[in-house]
Amino acid sequence: MSKLKNDRFLRALLREPVDQTPVWIMRQAGRYLPEYRATREKAGDFMTLCQTPDLACEVTLQPLERFDLDAAILFSDILTIPDAMGLGLTFTTGEGPQFSRPVRTAADIDKLGMPDMEDDLGYVMDAVRTIRRELDGSVPLIGFSGSPWTLATYMIEGSGSKDFAKSKGMLFDQPALLHKLLDLLADTVTEYLNAQIKAGAQTAMIFDTWGGVLTPRDYREFSLRYMQRIIDGLIREHDGRRVPVVLFTKGGGCWLEDIAATGTDAAGLDWTTEIGAARKSVGDKIALQGNMDPSILYASPERIRQEVQTILDDFGPGSGHVFNLGHGIHQHVNPDNVKVLVDAVHELSRPLHK
Ligand code: CP3
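The present account deals with the structure reproduced in this document. These numbers were taken from a predicted model, which means no experiment stands behind them. (Residues numbered from 1 in each chain as written. Predicted model: local features only at pLDDT ≥ 70, side-chain atom pairs only at ≥ 80, totals over all residues. Heavy atoms only, no water.)

Let's shift gears to the environment of Leu10. Within the element layout of this structure, Leu10 appears in helix 1 (residues 8-13). Each C-alpha atom, one on Leu10 and one on Gly318, is 15 Å from the other, the two residues being 308 residues apart in sequence. (Helix = DSSP H or I, 4+ residues; strand = E, 2+ residues; numbered from the N terminus.)

Below, the structure is given as structure tokens:
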């Protein structure tokens, strides 16, 4: 087993005692950091940044140099899988992701195959190996993937969407076709996360960013069921240590009992759920990660500290909480406010872990 100097993040996910509440931030390596913008400029474009392991490693480590974070997250994107499936991904500034060959028909889906984890996605595994080497046991590394449903929405729409017209259209009128796509994606995500774990990822997080746009029934049938299959197929122990799984359905706060029943170690929470209430419903089964409103980082340092205190108190004493935002950090946030947040979590949580 490789040694970790700071394992508070892994311990909290397993609800083992910690000295203070661990914290990391979704999209902690991103455009709010001037050094990220400089490296992205050097790479030329976003996908080249993801596909160049040394640069992906460089940006992964940037937030850790500034802030006392308890985990690193692989710098990559959830859309690497559809890109590797040949859908032709580009990111245009201000417009988000675009696919030149979206998936709309049975013939489109029949043409898709599972990408090879080393030939097509080896750059992700190389980034994981490089980052682990550079972290040198300081904090654990989080690997991640999109959920099958969330990936399917981008593949079917061909870009981000507000109303999910085409993906929900397929769900309602051609459910068998959508199931075929989700089935392939579930197998692919399982292989992808297992490859990351073998390369050195110490936690696996599933981003179900768009699960919350579904009805409860459709969520269970088209999103949760496939995440369950992934969880059943994941490597749960590697290098002598448990590899915790975190399942994050944005907007999924009212389905926490179903989420806990998948066997995940933790659930991510957005800011529309009270973390104390969430702990009462599932806190004896899983850990919780979240859930500060990302917009609080635009407020004053005093107001940020107050919000941290409120969330820590709402969760209450004891382990099982990983502090985070309820979604990714906004690009116009002042990095100094992130330091206020991270330091406040550590300082204010100590009395809760006596
Ligand atoms: O958290 C981290 O620091 C790790 C890196 C990470 C990125 N994307 C980097 C990124 C992670 C975990 C993701 C996941 C991701 N990507 C999700 C799920 C989580 C979520 O935020 O809901 C989704 C839906 C995507 C797809 C995606 N990637 C979109 C919609 C965009 C465009 C967003 C925009 O504001 O333009 C991206 C690009 C992206 N991924 C950026 C970063 C830092 C910004 C790219 C840039 O440098 O311009």
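Another aspect to go through is the sheet that holds strand 9 (residues 266-268). One open sheet holds the 7 strands; their spatial order is 1-4-5-8-9-10-11, and the pairing between them is parallel. Since the sheet does not close on itself, it has two edges, and those belong to strand 1 (72-73) and strand 11 (321-325), each with one partner. Relative to strand 5 (residues 203-208), strand 4 (residues 141-146) runs parallel, the two being bridged by 5 bridges. Residue Gly143 lies in a different strand from strand 5, and its bridge partner there is Ala204. (Pairing = 2+ DSSP bridges.)

This next bit is on the site of the ligand. Close contacts around the ligand come from 22 residues, with Arg27, Arg31, Tyr36, Arg40 and His327 the closest. Gln28 has a polar backbone atom sitting 3.2 Å from an oxygen atom of the ligand. Contact between the ligand and Tyr36: an oxygen atom at 2.5 Å from a side-chain N or O atom of the residue. (Near = heavy atom within 4 Å. Polar contact = N/O pair within 3.5 Å; in protein donor to acceptor, adjacent residues only side chain to side chain.)

For the rest of this paragraph, the subject is the pairing of strand 8 (residues 245-249). Among the 5 residues that make up strand 8, 5 are buried, leaving the element largely enclosed by the rest of the structure. Burial along strand 8 is two-sided: the face carrying Val245, Leu247 and Thr249 and the face carrying Val246 and Phe248 are both buried. The pairing of strand 8 with strand 9 spans 3 bridges and is parallel. Following the sheet pairing, Phe248 is matched in strand 9 by Gly268. (Buried < 20%, exposed > 50% of the residue type's maximum accessible area, 1.4 Å probe, protein only.)

Right, let's talk about unusual backbone geometry for a bit. Note on backbone geometry: most residues besides glycine have negative phi, and most peptide bonds are trans. Asn291 follows Gly290 through a cis peptide bond whose omega is -5°. Within the chain, Phe164 stands out as a residue other than glycine whose phi angle is a positive 55°. Structurally, Phe164 is set in the loop between helix 8 (148-157) and helix 9 (165-173). Phe164 sits in the buried class, given a relative accessible area of 4%.

All right, on to the environment of Asp110 then. Structurally, the position occupied by Asp110 is in helix 6 (residues 106-111). Here the alpha-carbon distance between Asp110 and Lys180, two residues 70 residues apart in the chain, equals 8.9 Å. Within the structure, the side chain of Asp110 is placed 2.4 Å from the side chain of Lys180, a separation counted as a polar contact.

The next point concerns the packing of helix 10 (residues 175-199) against helix 11 (residues 216-233). Closest axis-to-axis distance for the helix 10/helix 11 pair is 9 Å, and the angle between their directions is 30°. Considering their axes alone, helix 10 and helix 11 lie roughly parallel with respect to each other. Here helix 10 runs over helix 11; the crossing is right-handed. Contact residues: helix 10 offers Pro175, Leu178, His179, Leu182, Asp183, Ala186, Asp187, Val189, Thr190, Leu193 and Asn194, while helix 11 offers Glu221, Phe222, Arg225, Tyr226, Arg229, Ile230 and Gly233. Its residues assigned to classes, the contact of helix 10 with helix 11 shows 9 nonpolar, 4 polar and 5 charged. (Axes fitted to C-alpha atoms, helices over the stretch in contact; angles between N-to-C directions. Parallel < 35°, antiparallel > 145°, perpendicular 65-115°, else oblique. Left-handed = near helix turned anticlockwise from the far one by under 90°. Contact = heavy atoms within 4.5 Å. Nonpolar A, V, L, I, M, F, W, Y, C, P; charged D, E, K, R; others polar.)

Turning to helix 15 (residues 335-349), a few remarks are in order. Over its 15 residues, helix 15 runs 22 Å from end to end, which matches the ideal 21 Å to within 8%, given 1.5 Å per residue. Every buried residue of helix 15 is listed here: Pro335, Asn337, Val338, Leu341, Val342, Ala344, Val345, His346, Leu348 and Ser349. On the buried face of helix 15, the contacting elements are helix 1, helix 2 (34-43), helix 4 (53-66), strand 10 (287-292), helix 14 (301-315) and strand 11. Where helix 15 begins, the side chain of Asn334 points an oxygen toward the backbone nitrogen of Asp336, at a separation of 2.9 Å. (Expected span 1.5 Å × (residues − 1).)

Of the pairings in the sheet, the one linking strand 2 (residues 89-92) to strand 3 (residues 96-99) comprises 4 bridges and is antiparallel in character. Paired with Leu89 across the strands is Phe99, a residue of strand 3. In this antiparallel pair of consecutive strands, strand 2 and strand 3, the connection spans 3 residues, and Gly94 shows a positive phi of 85°.

The next point concerns the side chain of Ser349. By the secondary structure assignment, Ser349 is in helix 15. On the accessibility criterion, Ser349 (0% relative accessible area) is buried. Polar side-chain contacts of Ser349 include one of 3.3 Å to the backbone oxygen of His346.

Before going further, it helps to spend a moment on the packing of aromatic side chains. All told, the structure shown has 7 aromatic pairs when counted by the stated rule. Ring centres of Phe46 and Phe75 lie 5.8 Å apart, and the angle between their planes is 80°; this geometry places the pair in the edge-to-face category. Here the residue Phe46 occupies a position in helix 3 (residues 46-51), and Phe75 occupies one in the loop between strand 1 and helix 5 (80-84), the gap between them amounting to 29 residues. Residue Phe46 is classed as buried on the basis of its relative accessible area of 11%. Among the aromatic residues, ring-to-ring pairing joins Tyr36, Phe46, Phe75 and Phe91 into one connected group. (Phe/Tyr/Trp six-rings, centres within 6.5 Å; stacked < 30°, edge-to-face > 60°.)

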